[in-house]
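Single-letter residue listing:
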Amino acid sequence: IIWSFFVGAVRVGLVDGETIINPTRKQLSSSTLNLVVAGAPQSQVVMLEATAENILQQDFCHAIKVGVKQTQHIIQGIQQLVKERGVVKRTVQKLYVAPEEIVECANKLASNKIYAVFTDSGHDKISRDEAINKIRLETEEQLKEKFPEAEPYEIIESFNVVSKDIFRNLVLNEYRRCDGRDLTSLRDIKCEVDMFKMLHGSALFQRGQTQVLCTVTFDSIESSVKSDVISTAVSGIKDKNFMLHYEVSFTVVSLASFVSDTSDQCLILSFSLYSNSLGSSSMASACGGSLALMDAGVPVSSAVAGVAIGLITKCSLENGDIEDYRLLTDILGIEDYYGDMDFKMAGTNKGITALQVDLKLPGIPIKIVMEAIQQATAAKREILHIMNQTLAKPRPSRKESGPVVETIHVPLSKRLRFVGPGAYNLKKLQAQTGVTVSQLDEETYSVFAPTPTAMHEAREFIHDICKDDQEVNLEFGAVYTATITEIRDSGVMVKLYPNMTPVLLHNSQLDQRKIKHPSALGLEVGQEIQVKYFGRDPTDGRMRLSRKILQSPATTVLKTLTDKNSIVLGGTVPQSSTSSQ
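Our subject in this report is the structure included herewith. As the structure is a computational prediction, the values presented were derived from the model and not from experiment.

Details of the packing of helix H4 (residues 125–146) against helix H5 (residues 152–174)
Relative to each other, H4 and H5 sit at 130°, their axes nearing to 10 Å. Taken together, the axes of H4 and H5 are oblique relative to one another. As for how H4 packs across H5, the hand of that crossing is right-handed. Here Ile 132, Ile 135, Arg 136, Thr 139, Glu 140, Leu 143 and Lys 144 of H4 come into contact with H5, specifically with Ile 155, Ile 156, Phe 159 and Asn 160. Of the residues in the contact of H4 with H5, the class split is six nonpolar, two polar and three charged.

Structure representation (structure tokens):
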């Protein structure tokens, strides 16, 4: 494309049903649409790219129209600036233009043969490419004999011009496609799920020759993709709990999105086993990925399908305006190569979730964009109908071989008992059972187990370390008898009652005198001492005790009460109880 005009671009959001141009980051965080529109003069569309939260078609189309209208204001401003500055845009000449004389000769030599190949619907991608390549080699040899002084690129380009014109005219004038379909028909679609029993989820999606295998893998939230500083600043998202890795041939593309209903990390791998075109395999990955998620038991709200729409145009030789055009549903690789557009759209039966448009033209009218969306919507519904016959909704539960995620509520007063000194209990839990424990907030932990068996072992482990969790209620300011269980350099470990997890009584709280080691006071393991209770540290729940304070007038020892707070496994957070602590 040789750009001989100006381009304007805007971002469009949709917040509470209101269309917003160039939304702020805060507005974008609550927007159900993130659309980028690039436009050219006369309301031509140059580029579209969008992510959306199941936006209705009419709302999506309205957002595009508003965006294109705003680009015209930008273009007018640029044009006014150019006029004021008096700058004339230089003219760029096309490179590698095929000489008309050689093109005419190539047309006489090869047009009938090329036409025969393109109208033979019995060809698949490989056989068609082989047949055209054979004609190409023969024609190029004949052209070299007739035009010995011609440059190699002139010979090659002349054949390309002829084959491209024949292919495009077949669609424009005869409404025919090289595989025998009409303009709006889909290729044959086949779907399979649960391909491999040991995988958390899997699906095979085949559309014509394009075939993708999608697999789902669950992992703990610790495995979520951590965004860099710049990405976080732009998107406002620090961790990504869902990722689609799409691989085709030797090209690898990573696409990221989010599934808010998963409490763990979810990775979809989409392997293109055979690809007729990038647009075809990427949209097949959307379909196969959706089936794989449902096969894995991920509670997605609805299935998603994608399709690529192509465009063949006839432009005026005088001004380049589009005089005629044809839209093609579910394009082949050759239709992408010889065509003018790769219009990829994905969504549910209700609305649109994503759109991306590749154009080879300087711009297209909004009318064509609206028709492409309508044609893609019809195709999307047909694809979803076929997918639903294989798997219509997510499985009610994950596979027996799949991971299990549960949450644990740990009151601050019990955190030390659950975690253990130096996180000893957590490390032992993870090492012995293979689970991953992640802290979600001050009192909530997530336990990710690779299998149900591992989760069962983790429950037993947690039960064992917390089976004596019911501790007595301690009265703030009361004096208790503590038993020394361990002597440390920093102080002594003491217990106020038999089932209590030992806590540290620091050297600074042992005596009014400054000591470096408890042995200076003659303290021994098993010895009973008097301590005063000052509640718990609000940051880590550690019990605060002091022996030093008792060297002033003594305080009466109060009786203890039963504490109702306990560690709860399974995600149910208990109501907080009132106590004297």
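Now that the structure has been shown, the text picks up again.
Thoughts on the packing of aromatic side chains
A ring pair, where both rings are aromatic, is described by two values, the distance of the centres and the angle of the planes. Counted by the stated rule, this structure contains six aromatic pairs. Each ring, one from Phe 167 and one from Tyr 338, has its centre 5.2 Å from the other, and the planes form 40°; the classification is tilted. Here Phe 167 is found in helix H5, whereas its partner Tyr 338 is found in helix H8 (residues 333–338), with 171 residues between them in sequence. In this structure Tyr 338 comes out as buried when scored by relative accessible area, which is 7%. On the numbers, 5.0 Å between centres and 65° between planes, the contact of Tyr 337 with Tyr 338 is edge-to-face. Site record: aromatic cluster; members linked through ring pairs are Phe 118, Phe 167, Tyr 337 and Tyr 338. Against the face of Phe 218 rests Arg 398, its NZ or CZ located 3.9 Å from the ring centre.

Focus on the sheet that holds strand E24 (residues 503–506)
Taken together, five strands build an open sheet; the order of strands is E24-E23-E22-E25-E26 and the sheet is antiparallel. Where the open sheet ends on each side, the last strands, each with one partner, are E24 and strand E26 (543–546). Strand after strand, the sheet turns through a mean of 55° between neighbouring axes, direction not considered. Pairing between strand E23 (residues 491–495) and E24: four bridges, direction antiparallel. If you follow Gly 491 over to E24, its bridge partner there is His 506.

Rules and cut-offs
Residues numbered from 1 in each chain as written. Predicted model: local features only at pLDDT ≥ 70, side-chain atom pairs only at ≥ 80, totals over all residues. Heavy atoms only, no water. Axes fitted to C-alpha atoms, helices over the stretch in contact; angles between N-to-C directions. Helix = DSSP H or I, 4+ residues; strand = E, 2+ residues; numbered from the N terminus. Parallel < 35°, antiparallel > 145°, perpendicular 65-115°, else oblique. Left-handed = near helix turned anticlockwise from the far one by under 90°. Contact = heavy atoms within 4.5 Å. Nonpolar A, V, L, I, M, F, W, Y, C, P; charged D, E, K, R; others polar. Phe/Tyr/Trp six-rings, centres within 6.5 Å; stacked < 30°, edge-to-face > 60°. Buried < 20%, exposed > 50% of the residue type's maximum accessible area, 1.4 Å probe, protein only. Lys NZ or Arg CZ within 6 Å of the ring centre and 35° of its normal. Pairing = 2+ DSSP bridges.

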